[in-house]
Amino acid sequence: MRNDLADTLSPQERSKRMSLIRGTGSAPEMKLRRLVHGMGFRYRLHVKELPGKPDLVFPSRRAVILMHGCFWHRHKGCKLARLPKSKLDFWNPKLEENRKRDLRNQRRLRDLGWRVLVVWECQMVDTDRVSDVAREFLQKQEGEE
């Protein structure tokens with residue numbers, strides 16, 4: 001499906017706005033970091049030697065937690081994952097490739113013996129629930145899944 005609605009921003013304004021989007025240190029990621037750290041778990045950040053540079057890495061537990069933004073990582077059924085109204089010929093393939101890359105990286109991590117937990121941006125509104133899920137995930141021993 002092609003949609004040629006004009007962008008409401010000039011190319012320079014769009015470029016400036018897009019440059020403000022960061023891959024690390026987002027508000028949901030920082031909230032997750034504080035939550036996990038507050039439970040007493042220690043981690044490494046964005047280990048580049050692992051597929052996809054996972055957000056939180058727990059080497060002694062062979063576990064990683066990925067903090068996914070609903071829009072960028074295509075959280076199925078989530079209202080935050082809506083498509084933009086313009087430039088669909090650009091956004092559809094880009095976001096679909098993000099989703100495929102995520103699945104490949106998760107498979108590669110599991111093949112390397114890592115346990116993987118994905119936390120979605122929209123889930124961070126219920127920090128009690130995320131806390132429970134993260135604690136249960138991190139307390140499991142290798143092979144318990």
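In what follows, the accompanying structure is described. (Residues numbered from 1 in each chain as written. Predicted model: local features only at pLDDT ≥ 70, side-chain atom pairs only at ≥ 80, totals over all residues. Heavy atoms only, no water.)

In terms of helices and strands, the protein carries five helices and four strands. Overall, the protein shows an N-to-C arrangement of helices and strands of α-α-β-β-β-α-α-β-α. Counting only residues that meet the buried cut, the protein has 37% of its 145 residues in that class. Contacts spanning at least 24 positions in sequence make up 59% of the contacts within the protein whose residues lie at least 6 apart. For the protein, the accessible surface area stands at approximately 9600 Å², while carbon and sulfur atoms represent 50% of it. (Helix = DSSP H or I, 4+ residues; strand = E, 2+ residues; numbered from the N terminus. Buried < 20%, exposed > 50% of the residue type's maximum accessible area, 1.4 Å probe, protein only. Contact = heavy atoms within 4.5 Å. Areas by Shrake-Rupley, 256 points an atom, 1.4 Å probe, with all protein chains shown as cover.)

This paragraph deals with unusual backbone geometry. In the Ramachandran plot, Lys53 falls in the positive-phi region, its phi being about 45° despite a non-glycine side chain. Relative to the elements of secondary structure, Lys53 occurs in the loop between β1 (44–45) and β2 (56–58). Look at Lys53 and you get partly exposed, because its relative accessible area is 48%.

The four strands lie next to each other as β1-β2-β3-β4, forming an open sheet whose pairing is mixed. The open sheet is flanked by β1 and β4 (115–120), the only strands paired with a single partner. As paired strands, β2 and strand β3 (residues 63–68) are joined by three bridges and run antiparallel to one another. Paired with Val57 across the bridge in β3 is Val64. On the sheet, helix α2 (residues 27–38) packs against β1, β2, β3 and β4 and is oriented at approximately 145° with respect to β3. (Pairing = 2+ DSSP bridges. Axes fitted to C-alpha atoms, helices over the stretch in contact; angles between N-to-C directions.)

With that out of the way, let us pick up the packing of α2 against helix α5 (residues 127–139). Where α2 contacts α5, the axes come no closer than 10 Å and their chain directions differ by 60°. Judged on the interaxial angle alone, α5 and α2 are oblique. Of the two elements, α2 crosses α5, and the hand of that crossing is right-handed. Residues Lys31, Leu32, Leu35 and Val36 of α2 lie in contact with α5, whose contacting residues are Thr127, Val130, Ser131 and Leu138. Residue composition of the contact of α2 with α5, grouped by class: five nonpolar, two polar and one charged. (Parallel < 35°, antiparallel > 145°, perpendicular 65-115°, else oblique. Left-handed = near helix turned anticlockwise from the far one by under 90°. Nonpolar A, V, L, I, M, F, W, Y, C, P; charged D, E, K, R; others polar.)

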